[in-house]
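# A look at the structure
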Amino acid sequence: MNGVENMHDISYLKEFLYIDGKEIAFEEEIAQIKNIDDKIFILLKIPPRKNLSYDDQHNVYCYSTSGEMIWQIGKRPTSDDAVYTMITINDSNLYANDFLDRKFKVNQDTGEIM
């Protein structure tokens, strides 16, 4: 995990995120988690398939350290036809890269692409 150290026990296993013992289940396996302060950013691993759903193409989520969902990543300014494959934090900024090797800066409060 990257970001500011916090006093929460955060871990994941397959499609389950654990925050201080609270279990949150996802439809797909978790590929990465990152956190900054009281926000946890989750990237889901989307297996290859013919027809990608909205959730498949917007597979980055933000949860609070109390376990509440804050947002699902918003639409890209370009086409939404690829899944995200990586999330990074640089200089306290959140970035999401998609399968087409595009990198997007993400508003940490809203999930909107900046």
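Residues numbered from 1 in each chain as written. Predicted model: local features only at pLDDT ≥ 70, side-chain atom pairs only at ≥ 80, totals over all residues. Heavy atoms only, no water.

Another aspect to go through is the sheet that holds strand β1 (residues 10-13). Pairing between the strands of a sheet comes from backbone hydrogen bonds, and it takes one of two forms, parallel or antiparallel. With antiparallel pairing, three strands are arranged side by side in an open sheet as β1-β2-β3. Single-partner strands in this sheet number two, and they are β1 and β3 (22-25). Taking each pair of neighbouring strands and ignoring which way they run, the sheet shows an average axis angle of 20°. Pairing of strand β2 (residues 16-19) with β3, which is carried by four bridges, proceeds in the antiparallel orientation. The residue bridging I19 from the neighbouring strand is K22, located in β3. (Pairing = 2+ DSSP bridges. Helix = DSSP H or I, 4+ residues; strand = E, 2+ residues; numbered from the N terminus. Axes fitted to C-alpha atoms, helices over the stretch in contact; angles between N-to-C directions.)

Under the counting rule described, the total for this entry stands at nine salt bridges. Note that R49 and D56 form a salt bridge whose closest N and O atoms lie 2.9 Å from each other. On the accessibility criterion, R49 (35% relative accessible area) is partly exposed. A residue is classified by how much of its surface remains accessible, and D56, at 7% relative accessible area, is buried. One salt bridge in this structure joins D98 and R102, with 2.7 Å as the shortest N-O distance. Judged by its relative accessible area of 2%, D98 is buried. Counted as one network, the salt bridges with shared partners bring together R76, D80, D81, D98 and R102. (Salt bridge = Lys/Arg side-chain N within 4 Å of Asp/Glu carboxyl O. Buried < 20%, exposed > 50% of the residue type's maximum accessible area, 1.4 Å probe, protein only.)

Okay, the pairing of β1 next. Two strands pair when backbone bridges link them, and β1 and β2 are joined in this way by four bridges, in the antiparallel orientation. Bridge pairing in β2 places Y12 opposite L17. Counted along the chain from β1 to the antiparallel partner β2, the turn is two residues long, and its residue K14 has a positive phi close to 55°.

Right, let's talk about the environment of F104 for a bit. Considering the arrangement of structural elements, one finds F104 in strand β10 (residues 103-106). Each C-alpha atom, one on F104 and one on Q32, is 16 Å from the other, the two residues being 72 residues apart in sequence. When near neighbours in sequence (up to four residues on either side) are disregarded, F104 contacts R76, P77, T78, Y84, L94, Y95, A96, D98 and I113. (Contact = heavy atoms within 4.5 Å.)

A word on the side chain of Q57. Inspection of the secondary structure puts Q57 in helix α1 (residues 54-57). Overall, the relative accessible area of 15% leaves Q57 in the buried class. Among all residues touching Q57, those that are not within four sequence positions of it are L52, R76, D80, D81, A82, V83 and Y84.

All right, on to the environment of R76 then. As for its position among the elements, R76 is in the loop between β7 (69-72) and β8 (84-90). What makes R76 buried here is its relative accessible area of 6%. Sequence spacing of R76 and Y12 is 64 residues, and the spatial spacing of their C-alpha atoms is 27 Å. Look past the residues within four positions of R76 in its chain and what remains in contact with it is Q57, H58, D81, A82, V83, Y84, D98, R102, F104 and I113. There is a polar contact of 2.6 Å between the side chain of R76 and the backbone oxygen of A82. Only 3.2 Å separates the side chain of R76 from the side chain of Y84, close enough to count as a polar contact. (Polar contact = N/O pair within 3.5 Å; in protein donor to acceptor, adjacent residues only side chain to side chain.)

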